[in-house]
Amino acid sequence: MLEFLTDWCKTRFSDPQAITLVFIIVGIGLALYFGSGLLAPLLVALVLAFLLEWPVAQMSRLGISRTMAASIVLVVFLGLMIILMFGLVPSIWRQGVSLVTDLPSMIDKGMLLVREFSADYPQFISAPQLDSMMEEIKKMLDTQHIIDLGKQILGYSASLLVLMVYAILVPLLVFFFLKDKDYLINGSKRFFPTNRGLARKVWFEMDQQIFNYIRGKVIEIVIVGVASYIFFAIMGLSYSALLGVLTGLSVLIPYVGATLVTLPIALVAFFQWGFSAEFGYLMLGYGIIQALDGNVLVPLLFSDAVDLHPVMIIAAVLVFGGLWGVWGVFFAIPLASLVKAVINAWPNNQQQQRVSFDSE
């Protein structure tokens, strides 16, 4: 066993560039894991700067100075975000409050249907099971429990101080990242080993893939969310804006997100219309949107960015989501692609022997 491990280590770690790549990946991973909370504004600014780099680069090719290009792109981006915040967020908030207010009556209507089902089919659900279910629901609907749950979900991160830090610090960081990109990259190279050819190869392979994935995911969120909202509004579904946003955000979690968001949509439609033609039309239209997303939109947006088996994608969502929460879910596929790129680029004895033979 010891000999096998020794041979494996010699095979995989005999190249100094491979050791450098390991140190870089482990160092960045440890910094993100232990310092993600402290470095959150910096990480958010890096992601935004990465997304906004393309229009800045295009404007620079047209002869516009990088400082001016970064200023224009950042102002346009902030303007769009302000319009979104003041135009969409208040409506979503009102519908969320309305949904929480209507939730007890919806639960009562649902429990009435369950009681009727229990009376007709006692072999499936008995009276003691129904009573136990009602006790659990009453606990969930307790006001203090809802408040505590809300605090846990928010994680106290929505405080005024944190919002002010993000509102002021993040745009400044994004501006300097865009304006001084070359200077910052050249300055950071001194902290990395010189024999980083393998790491450079992996980065060149991942750079465009990551950009294509993030850009495609943002476009997918917008298209699916807007299309769902328009359809829900045409159908007259309650909480259409809230459910449309949830449907758009559900694409962040491949395969799982669509399943999770289907339940509240079906419940709201059922409590609004019951088992009627409107309920059937709504679920049919929602299914068509999901089918078009999975079979048309995703292949168009991610044909060159994602080449992973569905099992690997779900595993990446679970692993990286558990490590870094929402950000881990959002970047699960790029991180899984990075792991795949590292494995593909990793040198072995056969490659090293071929290189040595060719040099001779």
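Residues numbered from 1 in each chain as written. Predicted model: local features only at pLDDT ≥ 70, side-chain atom pairs only at ≥ 80, totals over all residues. Heavy atoms only, no water.

1. A closer look at the overall build of the chain
- The secondary structure content of the chain amounts to 16 helices and 0 strands.
- Looking at the chain as a whole, 31% of its 360 residues are labelled buried.
- In the chain, the share of contacts with a sequence separation of at least 24, taken over all contacts with a separation of at least 6, comes to 72%.
- Carbon and sulfur atoms provide 72% of the accessible area of the chain, an area that totals close to 22800 Å². (Helix = DSSP H or I, 4+ residues; strand = E, 2+ residues; numbered from the N terminus. Buried < 20%, exposed > 50% of the residue type's maximum accessible area, 1.4 Å probe, protein only. Contact = heavy atoms within 4.5 Å. Areas by Shrake-Rupley, 256 points an atom, 1.4 Å probe, with all protein chains shown as cover.)

2. Things to note about a nonpolar patch on the surface
- On the surface, Leu62, Ile64, Met68, Ile72, Val76, Leu80, Met81, Ile83, Leu84 and Leu88 cluster together into a nonpolar patch covering about 900 Å² of accessible area.
- Mapping Leu84 onto the fold places it in helix H4 (residues 66-87). (Patch = residues over 30% accessible without salt bridge, like charges linked within 9 Å, V, L, I, M, F, W, Y side chains within 5 Å. Salt bridge = Lys/Arg side-chain N within 4 Å of Asp/Glu carboxyl O.)

3. Observations regarding the pattern of salt bridges
- Under the definition given, this model contains 4 salt bridges.
- Taking the shortest distance from any N to any O, the salt bridge between Arg66 and Glu53 comes out at 2.5 Å. Linking Arg66 in helix H4 with Glu53 in helix H3 (residues 40-61), this pair joins segments that are 13 residues apart in sequence.

4. Here's the deal with the UniProt feature "transmembrane region" (unreviewed entry) in the chain
- The positions UniProt marks with the feature "transmembrane region" (unreviewed entry) are residues 20-51, 72-93, 153-178, 221-246, 252-271, 283-302 and 308-333.
- For residues 221-246, the helix share is 85%, the strand share is 0%, and the end-to-end C-alpha distance is 10 Å.
- Taken end to end, residues 283-302 is 100% helix and 0% strand, and its two terminal C-alpha atoms sit 26 Å from one another. (UniProt positions renumbered as here; feature names shortened; annotations may be inferred.)

5. Some details on the environment of Met68
- In this structure, Met68 sits in helix H4.
- Relative accessible area serves as the criterion here: at 45%, Met68 is assigned to the partly exposed category.
- For Met68 and Val56, which are 12 residues apart along the polypeptide, the C-alpha to C-alpha distance reads 9.0 Å.

6. Looking at H3
- Its 22 residues give H3 an end-to-end C-alpha distance of 32 Å, which sits within 8% of 32 Å, the value for a rise of 1.5 Å per residue.
- For H3, the principal kink sits at Leu52 and spans about 40°; a proline, Pro55, occurs within the next four residues.
- Within H3, burial applies to Ala40, Pro41, Val44, Ala45, Val47, Ala49, Leu52, Glu53, Val56, Ala57 and Met59. (Expected span 1.5 Å × (residues − 1). Bend = angle between axes of the 7 residues up to and from the residue.)

7. Topic: the packing of helix H12 (residues 256-273) against helix H13 (residues 277-302)
- Direction vectors running N to C along H12 and H13 enclose 160°, while the axes themselves pass 9 Å from each other. If you check the angle between H12 and H13, you find them roughly antiparallel. Helix-helix and strand crossings are classified by hand; for H12 and H13 the assignment is right-handed. Listed contacts from H13 to Ala258, Val261, Thr262, Ile265, Ala266, Ala269, Phe270 and Trp273 of H12 are Glu278, Phe279, Leu282, Met283, Tyr286 and Gln290.
- Across the contact of H12 with H13, the residue classes break down as 11 nonpolar, 2 polar and 1 charged. (Axes fitted to C-alpha atoms, helices over the stretch in contact; angles between N-to-C directions. Parallel < 35°, antiparallel > 145°, perpendicular 65-115°, else oblique. Left-handed = near helix turned anticlockwise from the far one by under 90°. Nonpolar A, V, L, I, M, F, W, Y, C, P; charged D, E, K, R; others polar.)

8. Comments concerning unusual backbone geometry
- At Tyr239, a residue that is not glycine, the phi angle is positive and equals roughly 60°.
- Checked against the element boundaries, Tyr239 lands in the loop between helix H10 (197-235) and helix H11 (240-249).
- On the basis of relative accessibility, which here comes to 11%, the residue Tyr239 falls in the buried class.

9. Things to note about the packing of aromatic side chains
- This model, assessed by the stated rule, comprises 4 aromatic pairs.
- Measuring from ring centre to ring centre gives 5.4 Å for Phe175 and Phe176, while their planes differ by 70°; the resulting arrangement is edge-to-face.
- We classify Phe175 as buried; its relative accessible area is 18%.
- Relative to Phe232, the ring of Phe231 lies with its centre 6.0 Å away and its plane at 50°, an arrangement referred to as tilted. In terms of burial, Phe231 and Phe232 fall into one category: buried. (Phe/Tyr/Trp six-rings, centres within 6.5 Å; stacked < 30°, edge-to-face > 60°.)

10. Here's the deal with the packing of H3 against H4
- Axis separation between H3 and H4 bottoms out at 9 Å; the angle between their running directions is 130°. When the axes of H3 and H4 are compared, the pair comes out oblique. The handedness of the crossing between H3 and H4 comes out as right-handed. Side by side, H3 and H4 meet where Leu48, Leu52, Glu53, Pro55, Val56, Met59 and Ser60 of the first sit next to Arg66, Ala69, Ala70, Ile72, Val73 and Phe77 of the second.
- Class assignment for the residues of the contact of H3 with H4 results in 10 nonpolar, 1 polar and 2 charged.

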